[in-house]
Amino acid sequence: MADPSSYRPKPGQIPDSPGVYKFRDEHRRVIYVGKAKNLRQRLANYFQDLAGLHPRTRTMVTTAASVEWTVVSTEVEALQLEYSWIKEFDPRFNVKYRDDKSYPYLAVTLNEEFPRVQVMRGAKKKGVRYFGPYGHAWAIRETVDLMLRVFPVRTCSAGVFKNAERTGRPCLLGYIGKCSAPCVGRVTPEEHRDLAEEFCDFMAGRTGTYIRRLEKDMMQAAEEMEYERAARLRDDAGALKRAMEKSAVVLADATDADLIAVAEDELEAAVQIFHVRGGRVRGQRGWVTDKVEAVDTSGLVEHALQQLYGEESGDSVPKEVLVPALPEDPDAVSQWLADRRGSQVSLRIPQRGDKKDLMGTVQRNAQQALGLHKTKRASDLTTRSRALEEIAEALGLDTAPLRVECFDISHLQGDDVVASMVVFEDGLARKSEYRRFQIKGFEGQDDVRSMHEVIGRRFKRYLQEKERTGEWEETPAPTGPVPADPAVPGPVPAAPVPAGPVLAAPVPAGPAPAPGDAAHGETASGEPAPAGPAPGQPTPDAPAPDASALGAAAPAQPTPEAPAPGAAAPVTPAPVREEPREDDGRPKRFAYPPQLVVVDGGQPQVAAAKRALDELGIDDIAVCGLAKRLEEVWLPDDDDPVVLPRSSEGLYLLQRIRDEAHRFAITYQRAKRAKRIRSSPLDDVPGLGETRKQALIKHFGSVRKLRQATIDEICEVPGIGRRTAESVAVAFAAAAPAAPAVNTATGEIIEEDDGGSRT
């Protein structure tokens, strides 16, 4: 536990300008990020008498070992930079709401020639119109099914669309009138786009125009005695009304607003958001978070606004945001929201009328969500605690294993051999810590040898991280020969000293700041430096990198998105140059050791894992194995297994961890196998990236037709020059076409699809 006075900046060193500050622990990890109108006044609050601090603030300042700051010109820029750093460094003492990217949206792909209506999750894409979020995907499908009577927009996938285009026959929806069938030319692209635009207008709240038009056409058809057409129009109007009834009118003035409510206690807080568009509730979402920092309702509201709108722009930010309490600096937050929307945004507390009543409804939802969460958590916490205590007792551990890592090997008859590492902390899966490995040390099927290699690679990286952060100064002598692992690199060379002043503020005590701060805040010249994923990390749209190339395992999930360019403002350079460090404060891959290693297997796999740890001189990590056949727990050097009762919570937790490792490993193995099977001659063309590859497939329709094309025909594709066209032709000439595959059930010949594989 550090004494805050040991790293307190000297008087006069802290500027009185707006800015963002970071607290780091003794291992240079960023543990807290905050912003302030006046850095000097705000930071002085952290260095007062510890007895006068909030318990959470006291824990943070005694955990920290240094403090740094970055000066910006306005409070709005401080707000944006704070959000960017929280996303980048994931500080443990900052309030973080659960990511909401799993909520389903109703999406219209206006960026395609024939727009498609579908359910979408994940990050939003450019050129796609989104409505929602919805609580359940089935709610979206029910609404779409009703609206397709009036707006028969395409809903099929690209494969179904191309197949109908090739055969000249529409799908079932085209026959029953729920699709305008642009695939067979029943409508032109312009007419179909008009339908999609009308669909979007109706979903955006402009409903009266279309219902009045349908009722007028119905009356006219009845006057002309076209009763069948009048009945169809009557049913269409009824379908639209039923779709509207699914989102009741809550604000009579067709308001576009987001309402945010917070329910909290001393430990946790629940946030509920209602999205109102055109006076109707179009979506709802909610989060529950631990209050790991001393924060009041206004601070929780500000964090929620950052989470909601930090990656949004345009109409995704409404004209009006209603909150239970204003942030500390409402003008700066309002300006930040206006910058993201591109026009004025009203941020206020509703005082009377329908908006105040609706805010009360949102508040009740937040209170119910918090109560339900606490009930579930109390039950789950009791069960998890009992399970961990049973495991500790059965394995003879001194304390309950709060961090457990489980390893599994997966292959198909010795091909595509991979391994997985899953992490459970306090009995819960920590998916951001999952890792996957490729076995490169040998060829063939040998689970025991594979387990030895994987455990060795994982804990070699752990020892390297300890050396790098200074937690462990000298490598203990191994007890046996350490096999060479070409996949594990040596220590990373130190970064070169940048020209110009270092941007971190001077800190009297503690390690020097990392040069990565300049790369992720400002450059030495004061210009904003673009930030992105760390080297070796996969981007959100790219597959995880090859594990052997990284030296161990590739992360299972992508890193957080980089902050938007221009988020930070010019920085006032600190007057003191400090030595650069490799550490940049980001969460490390293998820096945290487990208390227990679980392997999927019996005595041979456990012995291999224990031998790998012994060779590295690690003797403070327990090892066990869970055999599938009888669910026996094996320990190193024991001839007999430990048998836990079938009703044991500890056994159930070990089974969950083992099954999760198996799922993660087999998913990776199947993905590798599918990628190998779906290889195409286009993969071997030098300089041909994924974009131009897809352009070729889209132009010709299939790999088979592309193989038959001449060089001049290939050159007609936009972006394909003659040299690339010749390379494509040579690649197809060198690859002998495979014999056609036959579907044994139907006798049909299976043709190659747009990815170069057979369908």
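Everything discussed here concerns the structure shown above.
Basis of the calculations
Every chain is numbered on its own, with residues counted from 1 as its sequence reads. Note on the predicted model: pLDDT of at least 70 is required for a residue's local features to be given, and 80 or more for side-chain atom pairs to be given and counted; whole-chain, interface and lining totals, by contrast, use all residues. Here the side-chain values reflect all heavy atoms present in the structure, with hydrogen atoms and water set aside. For patch building, the residue pool is restricted to those with more than 30% relative accessible area and no salt bridge; the joining distance is 9 Å between like charges and 5 Å between nonpolar side chains (Val, Leu, Ile, Met, Phe, Trp, Tyr). For the accessible areas, the method is Shrake-Rupley and the probe is 1.4 Å, while residue cover comes only from the protein chains on display. Salt-bridge detection follows one rule: a side-chain nitrogen of Lys or Arg within 4 Å of a carboxyl oxygen of Asp or Glu. Numbering of helices and strands starts at the N terminus; helices are DSSP runs of H or I of at least 4 residues and strands are runs of E of at least 2. The cut-offs for exposure are 20% and 50% of the maximum accessible area for each residue type, with area from a 1.4 Å probe on protein chains only; residues under the lower value are buried, those over the upper are exposed, and the others partly exposed. Our arc is simply the arc of the directions from the helix axis toward the C-beta atoms. In what follows, residue pairs with any heavy atoms lying within 4.5 Å of each other are defined as contacts. Think of a polar contact as two N or O atoms within 3.5 Å of one another; within protein, one of them needs to be a possible hydrogen donor and the other a possible acceptor, and neighboring residues in sequence only count if both atoms come from side chains. What counts as an axis is a line fitted to C-alpha atoms, over the stretch in contact for a helix, and the angles between N-to-C directions run from 0 to 180 degrees. Roughly parallel covers angles under 35 degrees, roughly antiparallel covers those over 145, roughly perpendicular covers 65 to 115, and oblique covers all other angles. Residue polarity follows a fixed list, in which Ala, Val, Leu, Ile, Met, Phe, Trp, Tyr, Cys and Pro are nonpolar, Asp, Glu, Lys and Arg are charged, and the others, Gly among them, are polar. Pairing between strands is defined by DSSP: at least two bridges between the two strands are required. In this scheme Phe, Tyr and Trp rings, the latter by its six-membered ring, pair at centre separations within 6.5 Å, and the angle between planes marks the pair as stacked below 30 degrees, edge-to-face above 60, and tilted otherwise. Here, a charge over a ring means that NZ of Lys or CZ of Arg falls within 6 Å of the ring centre while also lying within 35 degrees of the ring normal. By definition here, a helix of n residues has an expected span of 1.5 Å times n minus one. As used here, the term nonpolar core means buried Ala, Val, Leu, Ile, Met, Phe, Trp, Tyr and Cys residues forming a set that is joined through side-chain atoms within 4.5 Å. A pair of sulfur atoms, both from cysteines and within 2.5 Å, is called a disulfide here.

*Asks:* Where do I start with a nonpolar patch on the surface in this structure?
*Replies:* A surface patch of nonpolar side chains, about 370 Å² in accessible area, is lined by Leu 172, Tyr 175 and Ile 176. Note that Ile 176 resides in the loop between helix H6 (172-175) and helix H7 (189-203).

*Asks:* In this structure, what is going on with helix H1 (residues 39-46)? I would like to understand it.
*Replies:* The periodicity of an α-helix, 3.6 residues per turn, causes residues three or four positions apart to be oriented the same way. Residues of H1 that are buried include every one of Leu 39, Leu 43 and Tyr 46, and no others. All buried residues of H1 lie within an arc of 40° about the axis, which places them on one face of the element. Buried positions along H1 lie against strand E1 (19-25), strand E2 (30-36), helix H2 (55-63) and strand E3 (64-71). The residue sitting at the N-terminus of H1 and contributing the capping side-chain oxygen is Asn 38; that oxygen lies 3.1 Å from the backbone nitrogen of Arg 40.

*Asks:* What's the story with the packing of helix H10 (residues 297-309) against helix H11 (residues 330-341) in this structure? I'm lost.
*Replies:* Helices that pack against each other are described as a pair by the angle of their axes relative to one another and the distance between those axes. Between H10 and H11, whose axes approach to 12 Å, the crossing angle comes to 5°. As summarised for this structure, H10 and H11 are arranged roughly parallel, according to the angle between their axes. Residue-level inspection shows Glu 302, Leu 305, Gln 306 and Tyr 309 of H10 in contact with H11, the latter providing Val 333, Trp 336, Leu 337 and Arg 340. Classifying every residue of the contact of H10 with H11 gives 5 nonpolar, 1 polar and 2 charged.

*Asks:* Honestly, the pattern of salt bridges in this entry has me stumped. Any pointers?
*Replies:* Two side chains bearing opposite charge may form a pair once their charged atoms approach each other closely. Applying the stated criterion to the full structure yields 29 salt bridges. The partner of Glu 82 in a salt bridge is Lys 35, and the shortest N-O contact between them spans 3.9 Å. Here Glu 82 is found in helix H3 (residues 75-89), whereas its partner Lys 35 is found in strand E2, with 47 residues between them in sequence. The same class applies to Glu 82 as to Lys 35, namely buried. Taking the shortest distance from any N to any O, the salt bridge between Glu 302 and Lys 35 comes out at 2.2 Å.

*Asks:* Honestly, the pairing of strand E7 (residues 257-264) in this entry has me stumped. Any pointers?
*Replies:* The two faces of a sheet get side chains in turn, since along a regular strand they alternate between them. Where burial is concerned, most of E7 is hidden: 7 out of the 8 residues are buried. Hairpin connection from E7 to strand E8 (residues 268-277): 3 residues lie between these consecutive antiparallel strands. Two elements, E7 and strand E10 (residues 320-322), share 3 bridges in a ladder whose sense is parallel. The residue bridging Asp 258 from the neighbouring strand is Val 321, located in E10.

*Asks:* What exactly am I supposed to notice about the sheet that holds E7 here?
*Replies:* The strands making up a sheet associate through backbone hydrogen bonding, with each pair oriented either parallel or antiparallel. With respect to topology, 5 strands assemble into an open sheet ordered E9-E8-E7-E10-E11, the strand pairing being mixed. Only two strands of the sheet have a single neighbouring strand rather than two, namely strand E9 (280-290) and strand E11 (346-348). Taken over all neighbouring pairs, the strand axes of this sheet differ in orientation by 15° on average, direction set aside. As paired strands, E8 and E9 are joined by 10 bridges and run antiparallel to one another. Note on E9: the bridge partner recorded for Ile 273 is Arg 285.

*Asks:* What am I meant to see in the packing of aromatic side chains here?
*Replies:* The geometry of two aromatic rings is summed up by the distance between their centres and the angle between their planes. Enumeration according to the criterion identifies 15 aromatic pairs in this entry. By way of ring pairs, the aromatic residues Tyr 7, Tyr 21, Phe 23, Tyr 32, Tyr 46 and Phe 47 are connected into one cluster. Above the face of the Trp 85 ring, Lys 22 is positioned so that its terminal group lies 4.2 Å from the ring centre.

*Asks:* Honestly, the sheet that holds strand E5 (residues 117-120) in this entry has me stumped. Any pointers?
*Replies:* On the basis of which strands lie adjacent, the open sheet formed by 3 strands has the order E5-E4-E6 and antiparallel pairing. Edge positions in the open sheet fall to E5 and strand E6 (129-131), since each of these has one partner strand only. Direction aside, the axes of adjacent strands within the sheet are offset by 35° on average. Direction of pairing for strand E4 (residues 105-108) relative to E6: antiparallel, over a ladder of 3 bridges. Counterpart to Leu 106 in the pairing with E6 is Phe 131. Together, E4 and E5 form the strand contacts of helix H4 (residues 137-147), whose direction differs from that of E5 by roughly 170°.

*Asks:* Mind showing me how you'd approach the side chain of Asp 408 here?
*Replies:* Its place among the elements puts Asp 408 in strand E12 (residues 403-412). At a separation of 3.2 Å, a polar atom in the side chain of Asp 408 contacts the side chain of His 662. Every residue in contact with Asp 408, bar those within four places of it in the chain, is listed here: Val 418, Ala 419, Ser 420, Asp 600, Ala 661, His 662 and Ala 665.

*Asks:* Mind showing me how you'd approach helix H16 (residues 603-615) here?
*Replies:* With 13 residues, H16 extends 18 Å from end C-alpha to end C-alpha; this agrees with the ideal 18 Å at 1.5 Å per step. By the burial criterion, the buried members of H16 are Gln 605, Val 606, Ala 608, Ala 609, Ala 612, Leu 613 and Glu 615.

*Asks:* Mind showing me how you'd approach the environment of Tyr 175 here?
*Replies:* With respect to the helices and strands, Tyr 175 occurs in helix H6. You can call Tyr 175 exposed: its relative accessible area is 54%. Setting aside anything within four residues of it in sequence, one finds Tyr 175 in contact with Arg 169, Pro 170 and Arg 186.

*Asks:* Would you explain unusual backbone geometry in this entry?
*Replies:* Negative phi values dominate among residues other than glycine, just as trans dominates among peptide bonds. Even without being a glycine, Ala 181 presents a positive backbone phi close to 55°. Examined against the element boundaries, Ala 181 turns out to sit in the loop between H6 and H7. With phi around 60°, Met 225 is a residue other than glycine that occupies positive phi space. Note on placement: Met 225 falls in the loop between helix H8 (208-223) and helix H9 (227-245).

*Asks:* So what exactly am I meant to see when it comes to the nonpolar core here?
*Replies:* Formed by 29 residues in total, the largest nonpolar core has its most connected members in Leu 106, Val 108, Phe 151, Phe 199 and Leu 240. Listing elements by their share of this core, those giving two or more residues are E4, H4, H7, H8 and H9. The element best represented in this core is H7, accounting for 6 residues. With residues up to four places along the chain from it excluded, the contact list for Val 108 reads Pro 115, Arg 116, Val 117, Gly 127, Val 128, Arg 129, Phe 131, Ala 196, Phe 199 and Cys 200. Core analysis: the second largest hydrophobic core is formed by 28 residues, Phe 437, Ile 439, Phe 459 and Trp 634 among them.

*Asks:* Got a minute to help me understand the state of the cysteines in this structure?
*Replies:* Cysteine pairs can be covalently joined through their sulfur atoms, and such a bond is termed a disulfide. Applying the stated criterion to the full structure yields 0 disulfides. Cysteine Cys 156 shares no disulfide, and the gap to the nearest cysteine sulfur, in Cys 171, comes to 5.5 Å. With no disulfide of its own, Cys 624 lies 8.2 Å from the sulfur of Cys 406, the closest cysteine sulfur. With relative accessibility at 1%, the residue Cys 624 sits in the buried group.

*Asks:* Explain the pairing of E8 to me, please; I cannot follow it from the model alone.
*Replies:* Judged by how many residues are buried, E8 sits mostly within the fold: 10 of 10 residues are covered. Where burial is concerned, the two faces of E8 agree: the one with Glu 268, Ala 270, Gln 272, Phe 274 and Val 276 and the one with Ala 269, Val 271, Ile 273, His 275 and Arg 277 are both buried. Relative to E8, E7 runs antiparallel, the two sharing 8 bridges. What sits directly across from Ala 257, in E8, is Val 276.

*Asks:* Explain the environment of Arg 285 here, please?
*Replies:* Note on placement: Arg 285 falls in strand E9. On the basis of relative accessibility, which here comes to 7%, the residue Arg 285 falls in the buried class. Sequence separation between Arg 285 and Phe 274 is 11 residues; the distance between their C-alpha atoms is 6.9 Å. A polar contact of 2.8 Å, which involves the side chain of Arg 285, links it to the side chain of Tyr 105. There is a polar contact of 3.2 Å between the side chain of Arg 285 and the side chain of His 275.

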